[in-house]
Amino acid sequence: MAADDHPTIQAIPIGLDANGTRTEFDSMGRIEVPADRYYGAQTARSLIHFSIGDDRMPKPLYHAYGVVKKACALVHRAEGRLPGWKADAIIQAADEAITGRLDDHFPLYVWQTGSGTQSNMNVNEVLSNRAIQLLGGTLGSQQPVGPNDDVNMGQSSNDTFPTAMHVAAVEEIDGRLLPKLDALAGAIEAKAAAWMDVVKIGRTHLEDATPLTVGQEWSGYAAQIRACMEAIAESRRGLYELAVGGTAVGTGLNAPKGFSVNVAAEIARLTGKPFVTAPNKFMAQGSLDAMVRAHAALAGLAVALMKIANDMRWLASGPRCGLGELKLPDNEPGSSIMPGKVNPTQCEAIVMIAIQVLGDNSAVGFAGSQGNFELNTMRPIIVNAFLHSARILGDGCEKFRLHSVEGTELNETRIASLVGNSLMLVTALSPLIGYQKAAHIAESANADGSTLREAALKSGFVDAATFDRVVDARSMVGDGVGGA
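Residues numbered from 1 in each chain as written. Predicted model: local features only at pLDDT ≥ 70, side-chain atom pairs only at ≥ 80, totals over all residues. Heavy atoms only, no water.

## Quick word on the overall build of the chain
Inference 1: A tally of helices and strands in the chain yields 17 helices and 10 strands.
Inference 2: Taking 23 Å as the expected radius of gyration for a compact globule of 484 residues, we find that the chain reaches 30 Å, considerably beyond that expectation.
Inference 3: By principal-axis analysis of the C-alpha atoms, the chain measures approximately 105 × 50 × 35 Å.
Inference 4: Here the chain, with 484 residues, has 52% of them falling under the buried criterion.
Inference 5: Put simply, the chain shows about 21500 Å² of open surface, and 53% of that area lies on carbon and sulfur atoms. (Helix = DSSP H or I, 4+ residues; strand = E, 2+ residues; numbered from the N terminus. Rg over C-alpha atoms; globule rule 2.2 N^0.38 Å. Buried < 20%, exposed > 50% of the residue type's maximum accessible area, 1.4 Å probe, protein only. Areas by Shrake-Rupley, 256 points an atom, 1.4 Å probe, with all protein chains shown as cover.)

## What about the pattern of salt bridges?
Inference 1: Overall, the coordinates contain 26 salt bridges when judged by the stated rule.
Inference 2: Glu-398 is the salt-bridge partner of Lys-180, the closest N and O atoms lying 3.3 Å from each other. Separated by 218 residues along the polypeptide, Lys-180 in helix 6 (residues 157-194) and Glu-398 in helix 12 (residues 379-405) bring together distant segments of the chain.
Inference 3: Owing to a relative accessible area of 23%, Glu-398 belongs among the partly exposed residues under this scheme.
Inference 4: Several salt bridges share partner residues, and in doing so they unite Glu-172, Arg-176, Lys-180, Arg-391, Asp-395 and Glu-398 into one network. (Salt bridge = Lys/Arg side-chain N within 4 Å of Asp/Glu carboxyl O.)

## Quick notes on the packing of helix 2 (residues 59-78) against helix 8 (residues 259-271)
Inference 1: Following both chains from N to C, one finds helix 2 and helix 8 inclined at 120 degrees, their axes separated by 9 Å at the closest point. As judged from the angle between their axes, helix 2 and helix 8 are oblique. For the pair helix 2 and helix 8, the sense of crossing is right-handed. Along its contact with helix 2, which presents Val-67, Val-68, Lys-70, Ala-71, Cys-72, Leu-74, Val-75 and His-76, the element helix 8 presents Phe-259, Asn-262, Val-263, Glu-266, Ile-267, Arg-269, Leu-270 and Thr-271.
Inference 2: Taken together, the residues of the contact of helix 2 with helix 8 break down into 10 nonpolar, three polar and three charged. (Axes fitted to C-alpha atoms, helices over the stretch in contact; angles between N-to-C directions. Parallel < 35°, antiparallel > 145°, perpendicular 65-115°, else oblique. Left-handed = near helix turned anticlockwise from the far one by under 90°. Contact = heavy atoms within 4.5 Å. Nonpolar A, V, L, I, M, F, W, Y, C, P; charged D, E, K, R; others polar.)

## Some thoughts on unusual backbone geometry
Inference 1: Residue Pro-144 follows Gln-143 across a cis peptide bond; omega there is 5 degrees.
Inference 2: Tracing the chain through its elements places Pro-144 in the loop between helix 4 (117-134) and helix 5 (147-151).
Inference 3: Here the bond from Gly-318 into Pro-319 is cis, since omega is 10 degrees, no more than 30 degrees from zero.
Inference 4: With respect to the helices and strands, Pro-319 occurs in the loop between helix 10 (289-315) and strand 7 (326-327).
Inference 5: Phi at Gln-142 is positive, roughly 60 degrees, even though this residue is not glycine.
Inference 6: The phi angle at Phe-373 is positive, at roughly 55 degrees, despite the residue not being glycine.

## Details of the packing of aromatic side chains
Inference 1: Tallied over the entire structure, the rule returns five aromatic pairs.
Inference 2: Plain terms: the ring middles of Tyr-62 and Phe-106 are 4.5 Å apart, the flat faces sit at 5 degrees to each other, and that makes the pair stacked. Note that Tyr-62 is positioned in helix 2 and Phe-106 in the loop between helix 3 (84-98) and helix 4, a separation of 44 residues in sequence. Take Tyr-62 and Phe-106: they sit in the same class, and that class is buried.
Inference 3: Here the aromatic rings of Trp-195 and Trp-218 are separated by 5.1 Å at their centres, their planes lie at 90 degrees, and the arrangement is edge-to-face. In this pair, Trp-195 is assigned in the loop between helix 6 and strand 3 (199-204) and Trp-218 in helix 7 (residues 214-239), connecting sequence segments 23 residues apart. Neither Trp-195 nor Trp-218 differs from the other in exposure class; each is buried.
Inference 4: Three or more aromatic residues joined by ring pairs form one cluster here, namely Trp-195, Trp-218 and Tyr-221. (Phe/Tyr/Trp six-rings, centres within 6.5 Å; stacked < 30°, edge-to-face > 60°.)

## Concerning the nonpolar core
Inference 1: Membership of the largest hydrophobic core comes to 117 residues, with the highest contact counts inside it found for Trp-218 and Ile-225.
Inference 2: With 16 residues, helix 6 is the single largest residue contributor to this core.
Inference 3: Ile-225 has contacts with Leu-181, Leu-184, Ala-185, Ile-188, Leu-301, Leu-305 and Ile-308, leaving out every residue within four places of it along the chain.
Inference 4: By size, the runner-up hydrophobic cluster in this structure holds 23 residues, among which are Leu-429, Ala-442, Val-462 and Val-477. (Core = buried A, V, L, I, M, F, W, Y, C linked by side-chain atoms within 4.5 Å.)

## Looking at the side chain of Lys-70
Inference 1: Tracing the backbone through its elements, the reader meets Lys-70 in helix 2.
Inference 2: Among the polar contacts made by the side chain of Lys-70, one reaches the side chain of Asp-95 at a distance of 2.7 Å.
Inference 3: Filtering out sequence-adjacent residues up to four positions away, Lys-70 remains in contact with Ile-91, Ala-94, Asp-95, Ile-98 and Leu-270. (Polar contact = N/O pair within 3.5 Å; in protein donor to acceptor, adjacent residues only side chain to side chain.)

## A short note on the environment of Arg-203
Inference 1: Looking at where Arg-203 falls in the secondary structure, it is placed in strand 3.
Inference 2: Owing to a relative accessible area of 29%, Arg-203 belongs among the partly exposed residues under this scheme.
Inference 3: Distance in space between the C-alpha atoms of Arg-203 and Asp-174 is 36 Å, their sequence separation being 29 residues.
Inference 4: Here Arg-203 is in contact with Ala-209, Leu-315, Leu-323, Glu-325 and Leu-418, once residues within four sequence places are set aside.
Inference 5: At 2.7 Å, the side chain of Arg-203 forms a polar contact with the side chain of Glu-325.

## So, the environment of Pro-319
Inference 1: In this structure Pro-319 comes out as exposed when scored by relative accessible area, which is 76%.
Inference 2: Through-space distance from the C-alpha of Pro-319 to that of Lys-70 is 57 Å; in sequence the pair is 249 residues apart.

## As for the pairing of strand 1 (residues 21-26)
Inference 1: Burial along strand 1 is one-sided: Arg-22, Glu-24 and Asp-26 are buried, and none of Thr-21, Thr-23 and Phe-25, which face the opposite way, are.
Inference 2: Two elements, strand 1 and strand 2 (residues 29-34), share six bridges in a ladder whose sense is antiparallel. Residue pairing in the sheet places Thr-23 in a bridge with Glu-32 of strand 2.
Inference 3: In this antiparallel pair of consecutive strands, strand 1 and strand 2, the connection spans two residues. (Pairing = 2+ DSSP bridges.)

Structure representation (structure tokens):
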């Protein structure tokens, strides 16, 4: 079929009902590819040379790549560089990639060329062959839609891959992570409000401290999550800047005038996100700093979640020989040998997720430091780590909320008992009798096992009426969550 025959798009379902192989070609020659796949020669070569482990390029990257290719085709069509019939076929194929309907045709491994060239060509080949199919042509012919000349027109892997990275990262943050964090923070805030009047003993250095309320303690957890949400949201600012239009080294060679601005605007329109062209393409392509900063925000969330999950599992330790202040939901049996044992499994999962994300952060930071001259060639590991971290954080927070936080209850009898036995209530006496005398009262009580009240009266530093008036846990917790 000649390119000027003006074929029309046909209603051909996705899929290739074929066995064996077909011959595809690239600049290095011909190679056989599976006949039931849309990809071509460069994808096939990558599968031979980089079949390393089981780590495949994350599918959300390819969905984002579909957005990038669609935006480029729309701009080329509007400006007359692609005829409408050809651009429309590419756009339909890109829409199928965006919705995940072509996922089976993106098989490449993470461990490939560091620029992501093979994944870019994987997309180009799949969209080219799918467009050829829609137009009634012969797969593998690269006519009437070529992977390089048409799907990749005005583009390079060096500018489109980081663009797809940014689009995928923002979509994952907005579509999964932030909504699930908001729900978790809301659930914690509801618990904090319900428990604001329940006085408990505080702990610092793992030792008894002055009282606070359970609600105050949990308000701190909620505030941690909200602060992390703000940091993650702010980190998107760098991700909104797109490299597309810089082509090979940032100069824009072979890209039409205004292409970078117009494609970024089209991506913004398609996604509803405020994407713009990167003001400096040399930074956008020579570094991956925006991804490094955004992942650092994910690492900050991991730190906060680890603190919250560890607090909860320690406070729930027991049920009879631990702290025992919290009662977590009984989700599943906890032991194959100890009947009736139930473990804080959701908390443990969150801790493991946090450990993984912190490990990913080390990899992302190290990879981000490896930019050389006009290109950082550590892109696959960074996008894989980022999307993995965002995914497990989002999913983990959802399960943590549903199966732990929302069902957590208080053991108020235990809480009251611990408050009553605390020696640090003596702090309320310091303004009245001085720090040293108050310390001697606490030391005496601890030495002979007496109550704080008994030790105080025995010391002669304070009478019973004064002690009962001053040493009142309820009056020691402050007002709300703001401190003194």
